[in-house]
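Residue-level listing of the chains:
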Amino acid sequence: MVGALLLIMWQGLLPGLLCACLGFLAARWFSPRLGALLRTPDHHAPKLAAAVVALIPIIVIALLLPRARGVILDAPTTYRDLLAFMARTVLDFRDRLPVDIANQLPTGASDVQRAIATYLASKAGTLATTGRTWLTGLLFAFVGLLIGALAAARPTVIVLRPLSAQLHARLTRFGETFRQIVVAQFWIALFNATLTAIFLLVILPLWDSRLPYSMALILLTFAAGLIPIVGNLICNAVLTLVGLSVSPWVALACLVFLVLIHKAEYFINAKVIGHRTHMGVWELLAVMFVMEAVFGPTGLVAAPLFYAYFKRELEASGWV
């Protein structure tokens, strides 16, 4: 399992792994409900559920692609432009503040501004070459969904041989960990993205203020919401900086909104994950820090899941 998970991280297959787990759980959830609804035999219900799970993304893409094609295919370009826009906003920070406040800033603050802007510009340059990687990740996600759905439809084997039994036990523990952490985090991320959409598309326009890159910010809020603790910090920084490009008051409104909505979830989420997986907040942060340093941004997403799974294995063996 250690070798398999390291190989998945090394080859960039994490979207496929997560979607395989999602497809498996979705097919298992649909199976009894479709069987009861259509009154099909028990051995046909899993196959029907797998077909439904496989067809759902195809139907959604067919319906949404004509309207959302630019959002999906041009996502790396959009976020590259967003990072460049944030870099310019940081450089113009003093000019956007009231004169009395700007005069109070130390002279060394300009060096910090240039350092932050240079970092953001470097990340924007990196995103310029990720278009093919982004489409490959989407393909891996769809293939993973199919694999998970088909795995859920296979007939149950009563007697397992030793190797199969060990693999089954470990995959079962991994699936339980995924269901406890990632599924809960998905709903939290969806809730955060919905509130952010209401704030950006409804509340701010009522005040005659609109933030650029609103759709990109909403999608970023959802993606960052999948990362416990650190995701909220990312959303806070990005939304506040983009709000500063409009006016200091809009930036303050964005910050207040994020504090009221996301900061509560910041602690609740860590508490929930820590309670379900017997992890302390310091453990979660330490593992996320190490995984991000080794594997980059995907390590942040994988860290809570992988660490919780390994801790579950150690607990089952009586080591911890």
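In this report, we go over the structure that sits alongside the text. The structure displayed is predicted, hence computed values, not measured ones.

## What about the side chain of S209?
Right, so step 1: Here S209 is to be found in the loop between α9 (162–206) and α10 (214–225).
Right, so step 2: Contact partners of S209, with chain neighbours within four places excluded, come to L204 and V250.

## Thoughts on the pattern of salt bridges
Right, so step 1: The final tally for this structure, using the stated rule, is four salt bridges.
Right, so step 2: For R173, the salt bridge is made with E313, and the minimal N-O distance between the two is 2.8 Å. Here E313 lies in helix α14 (residues 297–316) and R173 lies in helix α9, a separation of 140 residues in the sequence.
Right, so step 3: In this structure, the salt-bridge partner of R312 is E176, at a minimum N-O distance of 3.2 Å. Here R312, found in helix α14, pairs with E176, found in helix α9; they are 136 residues apart in sequence, far enough to count as distant.
Right, so step 4: Classification of R312 by relative accessible area gives partly exposed; the value is 22%.

## With respect to the packing of helix α1 (residues 2–10) against α14
Right, so step 1: Interhelical geometry of α1 versus α14 gives an angle of 170 degrees and a closest axis separation of 12 Å. Classed by the angle they form, the pair α1 and α14 counts as roughly antiparallel. Two secondary-structure elements touch here, α1 through V2, L5 and M9 and α14 through T298, G299, A302, F306, Y309 and F310.
Right, so step 2: Here the contact of α1 with α14 is composed, by residue class, of seven nonpolar, two polar and no charged.

## Focus: the nonpolar core
Right, so step 1: Within the largest apolar cluster, 20 residues are counted, with the highest numbers of intra-cluster contacts made by L5, L14, L17, F174, M291 and F306.
Right, so step 2: Those elements that place two or more of their residues in this core are α1, α2 (14–38), α9, α13 (281–295) and α14.
Right, so step 3: If one sorts the elements of this core by residue count, α14 sits on top with six residues.
Right, so step 4: With sequence-adjacent residues up to four places away left out, L17 is seen in contact with L5, I8, F174 and F306.

Conventions used here
Residues numbered from 1 in each chain as written. Predicted model: local features only at pLDDT ≥ 70, side-chain atom pairs only at ≥ 80, totals over all residues. Heavy atoms only, no water. Helix = DSSP H or I, 4+ residues; strand = E, 2+ residues; numbered from the N terminus. Contact = heavy atoms within 4.5 Å. Salt bridge = Lys/Arg side-chain N within 4 Å of Asp/Glu carboxyl O. Buried < 20%, exposed > 50% of the residue type's maximum accessible area, 1.4 Å probe, protein only. Axes fitted to C-alpha atoms, helices over the stretch in contact; angles between N-to-C directions. Parallel < 35°, antiparallel > 145°, perpendicular 65-115°, else oblique. Nonpolar A, V, L, I, M, F, W, Y, C, P; charged D, E, K, R; others polar. Core = buried A, V, L, I, M, F, W, Y, C linked by side-chain atoms within 4.5 Å.

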